[in-house]
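The chain contents come next:
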Amino acid sequence: MENIIKDIDIISPDEAQACDFKTTEEENTGKSKKLYIESYGCQMNFSDSEIVASIMKENGFDTTSDFEQADVIFLNTCSIREKAEQTVRKRLNQFNTIKKNKPEMTIGVLGCMAERLKDKLLEEEKIVDVVVGPDAYRDLPNLVASAEEGNKGVNTFLSREETYADISPVRLNSNGVTAFISIMRGCDNMCSFCVVPFTRGRERSRDPHSIVREARELFEKGYREVTLLGQNVDSYKWSPEENNKARLNKKEEEVTKVVNFANLLEMVALVDPKLRIRFSTSHPKDITDEVLYTMKKYDNICKYIHLPVQSGNSRVLDLMNRTYDREWYLNRVRAIREILGEECGISSDMIAGFCTETEEEHQDTLTLMDIVKYDFSYMFYYSERPGTLAAKKYADDIPLEVKKRRLAEIIEKQNALSLERNKLDIGKVQEILIEGTSKRSEAQLKGRNSANKVVIITRENQLKKGDYVKVKITDCSAATLFGEIIS
């Protein structure tokens, strides 16, 4: 199995547990101090780092790509899996030498790991000066100033209103073509395996007019694609009187107007037909036909949906508290295919080896994959997280070697499905948005089609980032499409 995985060039089960990270880039606008941020985990964290950079920029900091040159180092952390937290702790250990040589440097831990551990993190990691949760970033300048005077600080207050709607993010690691727009914060879904409701608080939606304004400003700056971000975008719900979903649901009859996710999608799509719209993440219990018909109505809303299933077995889904069963999920997939067509891209998240999962229930996940035929998936084995419902109620009773074997089977299955789906594109003409140069060759450009698949083409002199181009797909691998320009 391991040799098969290696041969088909996809990640191993261990590597599948790893955590993506990004760092700040060099910026010199004459500010007096330098800020270095490493961001781990999900796109929401990367988006949050752009907010943090903006807040700190207003308080005298340029960003740097070299942590040794930094006055302040922030690690924006993820708690979704144990591996992610271990990665951050190892990184803090590596910063110890830097801190010894530069004791005036401030080191802060931000995000979900900070929110989960709070002041306990200061006790466990002596190198850390500042611990700040996702809703307290406005307090960072004060905490950093206090740390410079020798005082350690913690702010892990979870807000029911904060959306940072008034802050214009500093775009980090940007290709100048695609950008993320945070539309909501927090999560009201209490999935038993997940720490997010505890680390990011209750759902609250951002003012839609500020979202449209940000999208328009990005388009005017040359960006041609935005991704609307939220822990569960389908439950976006805003009124002028209330942005907290739980409170809004209780007094909906009292408000003057309600904007739901389908309404918001349409508002952003109308910014300009040349601005592509994507969104992530959708929850199977909440995605509506209204959203699907809105996607169908506008060509610039990309035909791609990330719809995490986690497991293909109804009993396991119930233990996970996903609030839908296998049939409900397949019903939503059928609706996507009927309304948006077979070419609509669908991706998923999978967890192998959840508490008490049997071999037959694992097989249910594999058979569901065969029915849906995902274009790609994010695949992990179960990692128990302290404080979650699963950690409190269920024994983590699947041996690690069994989890890894099941994960390897899911990965092998997905790779075969990805190749099968990509082969269907061969011979078709698709419009792609050029994002930059291919990693493998300066002679090639890469772009994405509407279904979020990477397409590689031969570079032509007149083409540049941000251009739309019609391409005929000529070949594929499990991960990539290859095409030739036809216009």
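Everything below is about the structure printed above this text.
Residues numbered from 1 in each chain as written. Predicted model: local features only at pLDDT ≥ 70, side-chain atom pairs only at ≥ 80, totals over all residues. Heavy atoms only, no water.

A. The arrangement of the environment of Gly466 in detail. Within the fold, Gly466 resides in the loop between strand 20 (454-458) and strand 21 (468-476). In this structure Gly466 comes out as buried when scored by relative accessible area, which is 13%. With 226 residues separating them in the primary sequence, Gly466 and Pro240 have C-alpha atoms 35 Å apart. Leaving out residues up to four positions away in the same chain, Gly466 has contacts with Val177, Arg224, Leu433 and Ile434. (Helix = DSSP H or I, 4+ residues; strand = E, 2+ residues; numbered from the N terminus. Buried < 20%, exposed > 50% of the residue type's maximum accessible area, 1.4 Å probe, protein only. Contact = heavy atoms within 4.5 Å.)

B. Expanded view of the sheet that holds strand 19 (residues 444-448). Spatially, 18-19-20-22-21 is the arrangement adopted by the five strands of the closed barrel, whose pairing is mixed. Between one strand axis and the next, the sheet turns by 55° as a mean value, whatever way the strands run. (Pairing = 2+ DSSP bridges. Axes fitted to C-alpha atoms, helices over the stretch in contact; angles between N-to-C directions.)

C. Highlighting the packing of aromatic side chains. By the definition in use, this model includes 10 aromatic pairs. When the centroid spacing of 6.5 Å and the interplanar angle of 80° are considered together, the rings of Phe193 and Phe354 count as edge-to-face. Linking Phe193 in the loop between strand 9 (184-185) and helix 8 (196-200) with Phe354 in the loop between strand 16 (345-352) and helix 15 (359-372), this pair joins segments that are 161 residues apart in sequence. For Phe354, a relative accessible area of 0% corresponds to the buried category. With 5.8 Å between their ring centres and 20° between their planes, Tyr304 and Phe376 make a pair best called stacked. With Tyr304 in strand 15 (residues 304-306) and Phe376 in strand 17 (residues 376-381), this residue pair connects regions lying 72 residues apart in the sequence. Residue Tyr304 is classed as buried on the basis of its relative accessible area, which comes to 9%. With a relative accessible area of 21%, Phe376 lands in the partly exposed category. Pairwise contacts between aromatic rings join Phe193, Phe354, Tyr382 and Tyr394 into one cluster. (Phe/Tyr/Trp six-rings, centres within 6.5 Å; stacked < 30°, edge-to-face > 60°.)

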